[in-house]
Amino acid sequence: MRSVRIAHIASNTFREAVRDRVLYNLIAFAVLMSGAAILVGQISIGIERLVVINLGLTAVSLFGMVIAIFIGIGLVSKEIEKRTLYTVLSRPVQRWEFIVGKFFGLVGTLVVNTFFMAIGVFVALLWVSRRFQMADGWVLVALYFIVLQFLIITALALLFSSFSSPLLSAVFAFSLFVIGSFAEDLRGFAAMAQGAARWLATGTAYLVPNFSTLNVVSSVAHGQPVAAQLVFSNTLYALVYAGMAVSGAVLIFEHRNLK
Amino acid sequence: MAAIDILGLAKTYSVGFWRKKPKCALQPLHLSVEAGEIFGFLGPNGAGKTTTLKLLMGLVFPSAGSARILGMEINDPQMKARIGFLPEQPYFYDYLTATELLEYYAQLSGVAAKERSRKVSEVLARVGLPDVGGMQLRKFSKGMLQRVGIAQAILHDPQVLFFDEPMSGLDPIGRREVRDLMEQLKQQGKTVFFSTHILSDAESLCDRVAIIHLGELRGVGAVADLTSSVQGQVEVVWQGNLVPASLKAFATECHGTGDTTRAVVPEANQDAVIDALRRERLRIVSVIPVRTSLEEYFVLKLKPSEAAAGVRS
Ligand SMILES: Nc1ncnc2c1ncn2[C@@H]1O[C@H](COP(=O)(O)OP(=O)(O)O)[C@@H](O)[C@H]1O
Ligand SMILES: [Mg+2]
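Rules of the game
- Residues numbered from 1 in each chain as written.
- Chains lettered and ligands numbered in written order.
- Predicted model: local features only at pLDDT ≥ 70, side-chain atom pairs only at ≥ 80, totals over all residues.
- Heavy atoms only, no water.
- Core = buried A, V, L, I, M, F, W, Y, C linked by side-chain atoms within 4.5 Å.
- Buried < 20%, exposed > 50% of the residue type's maximum accessible area, 1.4 Å probe, protein only.
- Helix = DSSP H or I, 4+ residues; strand = E, 2+ residues; numbered from the N terminus.
- Contact = heavy atoms within 4.5 Å.
- Donors = N, O, S within 2.8 Å, 3.2 Å for Na, K, Ca; no water.
- 1 Å grid on protein atoms, 1.4 Å probe; cavity = no way out; pocket = protein on both sides within 12 Å on 5 of 7 lines; lining within 4 Å.
- Points joined across faces, edges and corners; volume = space filled by probe spheres on them.
- Nonpolar A, V, L, I, M, F, W, Y, C, P; charged D, E, K, R; others polar.
- Domains from an automatic or database assignment.
- Near = heavy atom within 4 Å.
- Polar contact = N/O pair within 3.5 Å; in protein donor to acceptor, adjacent residues only side chain to side chain.
- Areas by Shrake-Rupley, 256 points an atom, 1.4 Å probe, with all protein chains shown as cover.
- Salt bridge = Lys/Arg side-chain N within 4 Å of Asp/Glu carboxyl O.
- Pairing = 2+ DSSP bridges.
- Axes fitted to C-alpha atoms, helices over the stretch in contact; angles between N-to-C directions.
- Expected span 1.5 Å × (residues − 1).
- Phe/Tyr/Trp six-rings, centres within 6.5 Å; stacked < 30°, edge-to-face > 60°.
- Lys NZ or Arg CZ within 6 Å of the ring centre and 35° of its normal.
- Buried area = accessible area lost by both parts, 1.4 Å probe.

### So, the nonpolar core
Then, in step 1: Grouped together as the largest cluster of nonpolar side chains are 162 residues, with contacts concentrated most on A:Phe98, B:Phe162 and B:Phe163.
Then, in step 2: Of the residues forming this core, the biggest block, 17 residues, is contributed by helix 7 (residues 137–161) of chain A.
Then, in step 3: Non-local contacts of B:Phe162, meaning those with residues more than four positions away in its chain, are made with B:Ile4, B:Leu53, B:Leu56, B:Met57, B:Ile69, B:Ile83, B:Gly84, B:Phe85, B:Leu86 and B:Phe193.
Then, in step 4: Core analysis: the second largest hydrophobic core is formed by nine residues, B:Val234, B:Val265, B:Leu277 and B:Leu282 among them.

This is the structure we're talking about:
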């Protein structure tokens, strides 16, 4: 019964995103990919695959991040603001079920969106190199890691919006996306630093989401394989990180007076 | 067993961004509503009616006290499946059609899948919106949204209903329909708890009322009992400028306007005044209650603290 309610909330969240024309970003993506494919195809100096995979996957990630952040921050706060929550929470729906449902609704939207973008990337790849190679399979793994990044950033947007204004939440979430992309560098820096700076850098490096290890775009673009061990550890990391952020959002929301 | 038991529920908000000041919206409230009653929760704007309903719905948390609905705690999902709630000025997911919204709410309330579409179309007809199920809610007028709000509250056939200002935003016909609906619900054995600041909405409908003002309960009881100590007033208008001598004793106000004369008299003297006018063969234009007894009671009950509040601020 509980999981059924969460599924209903999630599917309504998906429906909202579709009706709010979120999937229209796919048109922009399609234009970008076909433009890139045609252009690169004309240069034809042997780096077509490299460019298409790099550009394609980076675009998939950025488009998705923007959607995750901008919808994520409003996911719950908009429902409080507009008071649409009143008639939901006066039903046998518990607050945590609502948060979890909303979370899965947006993650589902991002998965569907990424699925269509992935088709675009593979079509572009086929266009420039005329046939698929074995190494193209790794692109799927890179896409999977991008989805794991969405999981984390959606959870963070949800967490921030449970205690701060939408604008601040967007700033926080975006900052963490940028800092998290340099998480490995931060860890490197922490190892070299001394004293207080070391503690600060180490703390930050481990607290921010580690998007560096979730980003295998350039190695995949060079046709390098991804270790099964990395797939496993990244999956675990993303699930734990997102799980904790969603739990934090639930804890805050459970005690909140609605406007 | 009481359908609703409010045990000292209280709410203090802290207001202000920097230096938070406590703002008492509801003082400890004790109230019990019997099963099968239509119970009116009356008070002027800002009295604490919405706060009470939000506390009961678990939308805000009490500073003190507790409540039980159908004998269960207010956060019990089993209880929530058996109540319906119409918020004040309800607002819904405007990207959905009325039918989609109600289907979604039916799912959340645990209505069996095979009954959903029948219940949804039944309830839409019941609130007078049989033909707009397929229209997006963003195109709905305020009155139509109010009706959708009532539909979603009664959709899953709940045992206890909470309506916050159910008549607001409705035209006179709509108000009449909501009244009828509440009476039907009572006939079906449901308990209805509704708030209003419009006394005439409550007067003949409620089995009992509670009067609340500045977050404080001022009186509970049947309307007739509460108002037995006070009287309403009626306005009598007749043609001509003649004022029968016997009438001067009753009329609190009496003045001529052009070719008619207008007098305001206590409700109890209404018949005597009419008799006096007829003896003089004066043509009566109208007899209209200007202040019902409940309104009179309200004015009396609420005056002392309003004066006190005036002194304080
Ligand atoms: N979220 C809030 N924060 C601070 N004060 C509030 C809040 N909600 C209501 N109040 C105050 O509580 C009092 C009662 O409000 P309310 O319950 O909405 O009254 P009613 O519904 O009877 O008109 C009012 O003085 C109002 O200003
Ligand atoms: Mg109110």
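### Comments concerning the environment of B:Ile212
Residue and element names in this part refer to chain B.
Then, in step 1: When you line up the elements, Ile-212 lands in strand 9 (residues 208–213).
Then, in step 2: Owing to a relative accessible area of 0%, Ile-212 belongs among the buried residues under this scheme.
Then, in step 3: If sequence neighbours within four positions are ignored, Ile-212 has contacts with Leu-26, Phe-41, Leu-42, Gly-43, Pro-44, Ala-47, Gly-48, Lys-49, Thr-52, Leu-217 and Arg-218.

### As for the coordination of the magnesium ion (ligand 2)
Residues and elements named next belong to chain B.
Then, in step 1: At the metal site, the magnesium ion (ligand 2) is ligated by Thr-50 (OG1), Glu-88 (OE) and Glu-88 (OE), and these contacts range over 2.0 to 2.8 Å. Here Glu-88 lies in the loop between strand 6 (83–86) and helix 3 (98–108) and Thr-50 lies in helix 1 (residues 49–56), a separation of 38 residues in the sequence.
Then, in step 2: By relative accessible area, Thr-50 is classed as partly exposed at 24%.
Then, in step 3: A residue is classified by how much of its surface remains accessible, and Glu-88, at 29% relative accessible area, is partly exposed.

### Let's talk about the layout of surface pockets
The rolling of a water-molecule-sized probe over the atoms marks out the regions of remaining empty space.
Then, in step 1: The volume enclosed by the second largest pocket comes to roughly 380 Å³.
Then, in step 2: Forming the boundary of the second largest pocket are 22 residues, of which B:Gly58, B:Phe61, B:Ile74, B:Asn75 and B:Lys80 lie nearest the centre.
Then, in step 3: Counting residues per element, the ones that place at least two in the lining of the second largest pocket are helix 6 (95–129) of chain A together with strand 4 (64–69) and helix 2 (77–80) of chain B.
Then, in step 4: Broken down by element, the residue count for the lining of the second largest pocket peaks at three residues, all from strand 4 of chain B.
Then, in step 5: For the lining of the second largest pocket, the per-class residue count stands at twelve nonpolar, five polar and five charged.

### Brief notes about the domain arrangement of chain B
Then, in step 1: When cut into domains, chain B gives domain 1 (2–226) and domain 2 (233–289).
Then, in step 2: On a C-alpha basis, the centroid separation for the pair domain 1 of chain B and domain 2 of chain B is 42 Å.

### Comments concerning the site of ligand 1
Residue and element names in this part refer to chain B.
Then, in step 1: What surrounds ligand 1 is the set Tyr-13, Val-15, Lys-23, Ala-25, Pro-44, Asn-45, Gly-46, Ala-47, Gly-48, Lys-49, Thr-50 and Thr-51.
Then, in step 2: Between Gly-48 and ligand 1, the recorded distance is 2.9 Å, taken from a backbone N or O atom to an oxygen atom.
Then, in step 3: Thr-50 is positioned with one of its side-chain polar atoms (N or O) 2.6 Å from an oxygen atom of ligand 1.
Then, in step 4: Protein chains shield 70% of the accessible area of ligand 1, which is 560 Å² for the free molecule.
Then, in step 5: Of the residues that constitute the shell around ligand 1, the class distribution is five nonpolar, five polar and two charged.

### Focus on the pattern of salt bridges
As a working rule, side chains carrying opposite charge can pair if their charged atoms are close by.
Then, in step 1: Evaluation of the coordinates by the stated rule reveals 21 salt bridges over all chains.
Then, in step 2: The salt bridge partner of B:Glu73 is B:Arg68, with a shortest N-O separation of 2.8 Å.
Then, in step 3: A relative accessible area of 34% means that B:Arg68 is categorised as partly exposed.
Then, in step 4: One network of salt bridges, with partners in common, ties together A:Glu16, A:Lys78, A:Glu79 and A:Lys102.

### Structural notes on the sheet that holds strand 2 (residues 21–34) of chain B
Residues and elements named next belong to chain B.
Then, in step 1: What the four strands build is an open sheet, ordered 2-1-4-5; its pairing is antiparallel. Strand pairing shows two members of the sheet lacking a second neighbour, strand 2 and strand 5 (72–73), which therefore form its edges.
Then, in step 2: As paired strands, strand 4 and strand 5 are joined by two bridges and run antiparallel to one another. Along strand 5, the bridge assignment pairs Arg-68 with Glu-73.
Then, in step 3: This element, helix 1, spans strand 1 (2–15), strand 2 and strand 4 of the sheet and lies at about 115° to strand 1.

### So, helix 7 of chain A
Then, in step 1: With 25 residues, helix 7 of chain A should reach 36 Å at 1.5 Å per residue; the first-to-last C-alpha distance of 37 Å fits that figure.
Then, in step 2: The element helix 7 of chain A is largely enclosed, with a buried count of 21 among its 25 residues.

### Some words on the packing of aromatic side chains
Then, in step 1: Within the structure shown, the criterion is met by 18 aromatic pairs over all chains.
Then, in step 2: Clustering of aromatic rings is evident, with ring pairs tying together B:Phe92, B:Tyr93, B:Tyr95, B:Tyr104 and B:Tyr105.
Then, in step 3: Just above the ring of A:Trp127 sits the side chain of A:Arg130; from NZ or CZ to the centre is 5.4 Å.
Then, in step 4: The residue whose ring lies beneath B:Lys11 is B:Tyr13, and the NZ or CZ to ring-centre distance is 5.2 Å.

### Description of the side chain of B:Thr261
Then, in step 1: Within the secondary structure, B:Thr261 is located in strand 13 (residues 260–266).
Then, in step 2: In this structure, B:Thr261 is in contact with B:Val236, B:Val237, B:Trp238, B:Gly240, B:Asn241, B:Leu242, B:Val243, B:Cys254, B:His255 and B:Gly256, ignoring residues within four places of it in sequence.

### Quick notes on the interface of chain A and chain B
The accessible area lost on association of the parts is a frequent measure of interface size.
Then, in step 1: Each partner contributes residues to the interface: chain A has 29 residues there, and chain B has 31 residues.
Then, in step 2: Buried surface at the junction of chain A and chain B, both sides included, amounts to about 2,800 Å², of which 54% is carbon and sulfur.
Then, in step 3: Where chain A packs against chain B, one counts one salt bridge.
Then, in step 4: Across the salt bridge formed by B:Glu100 and A:Arg19, the nearest N and O atoms sit 2.8 Å from each other.

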